[in-house]
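Chain residues, written in single-letter form:
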Amino acid sequence: MSAQSPTETGSVDLQTQLFANMIMQLAGMTMICLGVTPHPETGKTMYDLEAAKHFISQLEMLEARTKGNLSPEESALLKQSLTSVRMAFVTAVEKGAPASVAPTVPAPAPSTTAAEPAPAPERMDPTPSAEEPNPSPDEERRKFVKKY
């Protein structure tokens, strides 16, 4: 049995803290994209399923690539985070996008009433510009879509 030096122990502790921080960042960003948590800088609610899928995929990749190399605490944190974001994703999909951010719904013309409408949730993904060509059927078919 070999004893770890204080330097090695500090390095392991730092790596454990950094790993936990990374997991929490990815889970937090997922929750922001799903509209569960407001954006910390703007306070606005966002709804971006594509970005949320991306963050969930990153967590899944970490789970697969670190299998067998994590401490029980790290493994439990990763598993709990994945479960939470997957459930939030399913809930967000079932509720659907708010009408103000649905890509197929045109924005209504501004009215002249004095009442101010509530601020609309913002989308993180840019809308396609007129300069970008539409993808061919082959490109559409090649897109990877993961359902939860």
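What you see is a predicted model; the values in this text were computed from it and never measured. Note on numbering: residues in each chain are counted from 1, in written sequence order. The model is predicted, so local features are restricted to residues of pLDDT at least 70 and side-chain atom pairs to those at 80 or more, both for listing and for counting; the totals for chains, interfaces and linings are taken over all residues. For side-chain calculations, the full set of non-hydrogen atoms in the structure is used, while hydrogens and water are omitted.

### Some remarks on the overall build of the chain
At step 1: Only runs of H or I of at least four residues qualify as helices and only runs of E of at least two qualify as strands under DSSP, and these elements are numbered from the N terminus. For the chain, the helix and strand inventory stands at four helices and zero strands.
At step 2: Seen in sequence order, the chain has helices and strands lined up from the N terminus as α-α-α-α.
At step 3: We call two residues in contact whenever any of their non-hydrogen atoms come within 4.5 Å of each other. The contacts of the chain with a sequence gap of at least 6 include a subset with a gap of at least 24, amounting to 65%.
At step 4: Each accessible area is a Shrake-Rupley result for a 1.4 Å probe, and residues are judged covered by the shown protein chains and nothing else. A total accessible area of about 11,100 Å² is found for the chain, and carbon and sulfur atoms account for 58% of it.

### Here we look at the environment of F19
At step 1: If you trace the backbone, F19 turns up in helix α1 (residues 6–33).
At step 2: Counting along the chain gives 59 residues from F19 to L78, while the straight-line C-alpha distance between them is 9.5 Å.
At step 3: What F19 contacts, discounting residues up to four positions off in sequence, is T66, L70, E74 and L78.

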